[in-house]
Amino acid sequence: MSDHEVLRVTGRILVGPEEVRDELWVVGGRITYTPPSGTGAREVRTVQGWALPGLVDAHCHVGLDGHGAVDAATTEKQALADRDAGALLLRDAGSPADTRWTDAREDLPKIIRAGRHIARTRRYIRNYAHEIEPGELVAYVAREARRGDGWVKLVGDWIDRDAGDLTACWPRAEAEAAIAEAHRLGARVTAHCFAEAALRDLVEAGIDCVEHATGLTEETIPLFAERGVAIVPTLVNIATFPNLAAGGAERYPRWSAHMNRLYERRYDTVRAAYDAGVPVFVGTDAGGTLAHGLVAAEVEELTRAGIPPLEALSATTWRARTWLGRPALDEGAPADLVVYDEDPRADVRVLAAPRRIVLNGRVVG
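Per chain, residue numbering runs from 1 following the sequence as it is written. This being a predicted model, a pLDDT of at least 70 is required before a residue's local features are given, and a value of 80 or more before pairs of side-chain atoms are given or counted; all residues contribute to the totals for chains, interfaces and linings. Note that water and hydrogens are dropped before the side-chain values are worked out from all heavy atoms of the structure.

Draft legend 1. Structural view of the side chain of Glu-301. Structurally, Glu-301 can be placed in helix H10 (residues 295-304). Owing to a relative accessible area of 8%, Glu-301 belongs among the buried residues under this scheme. Residue contacts follow a heavy-atom distance rule, with two residues in contact if any of their heavy atoms lie within 4.5 Å. What Glu-301 contacts, discounting residues up to four positions off in sequence, is Leu-235, Val-236 and Tyr-267. The way it works is that DSSP assigns letters per residue, a run of H or I at least four long becomes a helix, a run of E at least two long becomes a strand, and they are numbered from the N terminus. Classification of residues uses two cut-offs on accessible area relative to the type maximum, computed with a 1.4 Å probe and protein chains only: under 20% is buried, over 50% is exposed, and between them is partly exposed.

Draft legend 2. Layout of the pairing of strand E13 (residues 157-160). In this structure, E13 lies alongside strand E14 (residues 165-168), joined through four bridges in antiparallel fashion. Opposite Asp-160, over in E14, you have Asp-165 as the bridge partner. Here the rule is simple: two strands pair whenever DSSP picks up at least two bridges between them. Between E13 and E14, which pair antiparallel in sequence order, lie four residues; one of them, Gly-164, sits at a positive phi of approximately 75°.

Draft legend 3. How the structure looks around the packing of aromatic side chains. In this scheme Phe, Tyr and Trp rings, the latter by its six-membered ring, pair at centre separations within 6.5 Å, and the angle between planes marks the pair as stacked below 30 degrees, edge-to-face above 60, and tilted otherwise. Evaluation of the coordinates by the stated rule reveals six aromatic pairs. Centroid distance Phe-281 to Trp-323: 4.1 Å. Interplanar angle 5°. Geometry classified as stacked. Taken as a pair, Phe-281 in the loop between helix H9 (266-275) and H10 and Trp-323 in helix H12 (residues 318-324) lie far apart in primary sequence, 42 residues in all. Here Phe-281 and Trp-323 have matching classes, each one buried. Each residue in the set Tyr-124, Tyr-128, Trp-158, Phe-194 and Phe-241 is aromatic and connected to the rest through ring pairs, giving one cluster. When the NZ atom of lysine or the CZ atom of arginine is within 6 Å of a ring's centre and also within 35 degrees of its normal, the charge is said to sit over that ring. A cation over an aromatic ring shows up here: Arg-91 above the ring of Trp-151, its NZ or CZ 4.6 Å from the ring centre. Sitting over the face of the ring of Tyr-267, Arg-266 holds its NZ or CZ atom 4.2 Å from the ring centroid.

Draft legend 4. Representation of the packing of helix H7 (residues 241-248) against helix H8 (residues 253-264) within the structure. Following both chains from N to C, one finds H7 and H8 inclined at 165°, their axes separated by 8 Å at the closest point. The angle between H7 and H8 places the two elements in the roughly antiparallel class. For the pair H7 and H8, the crossing hand works out as left-handed. Contacts between H7 and H8 involve Phe-241, Pro-242, Leu-244, Ala-245, Ala-246 and Gly-248 from the first element and Pro-253, Trp-255, Ser-256, Met-259, Asn-260, Leu-262 and Tyr-263 from the second. Split into classes, the residues belonging to the contact of H7 with H8 amount to ten nonpolar, three polar and no charged. Helix axes are fitted to C-alpha atoms over the stretch in contact, other axes to C-alpha atoms as well, and angles between N-to-C directions run from 0 to 180 degrees. Roughly parallel means an angle under 35 degrees; roughly antiparallel means over 145; roughly perpendicular covers 65 to 115; every other angle is labelled oblique. Should the near helix be turned anticlockwise from the far one by less than a right angle, the crossing is termed left-handed; should it be turned clockwise, right-handed. Gly is put with the polar residues, along with every residue not named as nonpolar or charged; the nonpolar set is Ala, Val, Leu, Ile, Met, Phe, Trp, Tyr, Cys and Pro, and the charged set is Asp, Glu, Lys and Arg.

Draft legend 5. Examining the state of the cysteines more closely. The disulfide definition used here is simple: a pair of cysteine sulfur atoms within 2.5 Å. Taken as a whole, this structure holds zero disulfides when the rule is applied. Cysteine Cys-169 remains unbridged, with the sulfur of Cys-193 as its closest cysteine sulfur at 8.3 Å. Exposure remark for Cys-193: the relative accessible area of 0% places this residue in the buried category.

Draft legend 6. Representation of the packing of helix H2 (residues 137-147) against helix H3 (residues 172-184). Viewed as axis vectors pointing N to C, H2 and H3 meet at an angle of 25°, and their least axial separation amounts to 9 Å. Relative to H3, the element H2 lies roughly parallel. The two elements H2 and H3 cross, and the hand of that crossing is right-handed. The segment H2 lies against H3, with Leu-137, Val-138, Val-141, Ala-142 and Arg-146 engaging Glu-174, Ala-175, Ala-177, Ala-178, Glu-181, Ala-182 and Arg-184. When the residues that make up the contact of H2 with H3 are grouped by side-chain class, the tally is eight nonpolar, no polar and four charged.

Draft legend 7. Spatial organisation of the pattern of salt bridges. In the sections that follow, a salt bridge refers to a side-chain nitrogen of Lys or Arg positioned within 4 Å of a carboxyl oxygen of Asp or Glu. Tallied over the full model, the rule gives 28 salt bridges. When the shortest N-O distance is used, the salt bridge between Arg-172 and Glu-176 registers 3.5 Å. In this pair, Arg-172 and Glu-176 are both assigned in helix H3, four residues apart and thus about one turn of the helix distant. Overall, the relative accessible area of 30% leaves Arg-172 in the partly exposed class. For Glu-176, a relative accessible area of 37% puts it in the partly exposed group. Residues Arg-304 and Glu-300 are paired through a salt bridge, measuring 3.1 Å at the closest nitrogen-oxygen approach. Pair noted here: Arg-304 and Glu-300 are both in helix H10, with a separation of four residues, about one helical turn.

Draft legend 8. Seen up close, the sheet that holds strand E8 (residues 87-92). If you trace the three strands from one edge of the open sheet to the other, you get E5-E8-E9, paired in parallel fashion. Here the strands that pair on one side only, and so sit at the sheet edges, are strand E5 (55-60) and strand E9 (110-113). Taking each pair of neighbouring strands and ignoring which way they run, the sheet shows an average axis angle of 20°.

Draft legend 9. Local environment of the sheet that holds strand E4 (residues 44-53). The seven strands lie next to each other as E3-E2-E1-E4-E18-E19-E20, forming an open sheet whose pairing is mixed. Since the sheet does not close on itself, it has two edges, and those belong to strand E3 (30-32) and strand E20 (362-363), each with one partner. Across six bridges, the pairing between strand E1 (residues 6-14) and strand E2 (residues 20-27) is antiparallel. Considered in E2, the bridge of Leu-7 is made with Val-26.

Right under this line is the structure:
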């Protein structure tokens, strides 16, 4: 869109779950609900349909593949895949790559970074994380809090080869001190957790969010709800558990059986958390081994788990943006929105086929 072009979006503007307007305007890259005056001398482009705020993928990894950091060309392809799926705001939940150069690209999604993963020595995927011991945790959390965009990512559990199963990575005292330091520096902390063992200590230590959270139980779900600790279930990633378990069954049978149990109860776990009032948000875990652009599939997975469609939709739009401190379709906000042919509130599968994508006020897809 040129500096003089004005965009008009008509049809159904889904400002909130229940708030619907007939039209919005984009002037100078920003949203307004007041028709601009003097548009006759400028080009006006009209887009019609059901408009949502740009979708949120609250757990992905831009600049990362199965072997570690990737080059700029691959990073760009990943970001474009998310954009073309309608995901215009990404929370990058850990990456060894420096992707800040993407901030200058108005055609790429906005990224909220959590710095680089922080893991125990030899307790995570090679080339992904800072691999450290507990005595170093506070210093590394402070480093990544300064490097990120208000988030820090811990690896809370991983397979312990001596135990042959998933075990917690951090002693309670060190985790508490590290989370307190992140909070002092203005950052929130999230943690990768598949299993049960790490959850109580991390929540009682003050953590803000847990990724995957497949190990939630009837004992820990009330604790999450009481403390307001969010979860990002990444169900499209949890779908890979059976293959992972099969690959390690011979060498680590306890771990393999554990992963299968977590997989089998995944929907019940998410629904129980939602029913208890735990905040649930959409994230795909794209990057690593999963393709980018899966946000619509994750929303559909949340509905399969029993979350009402409107709540699943909100978990990638209005409520997700509020949680991350970013505007939706607000007066004066950057014009980041996605337009569909049908009402996504009635059927979330509509999200898989965006009609138009508007980013920073420009039609990009």
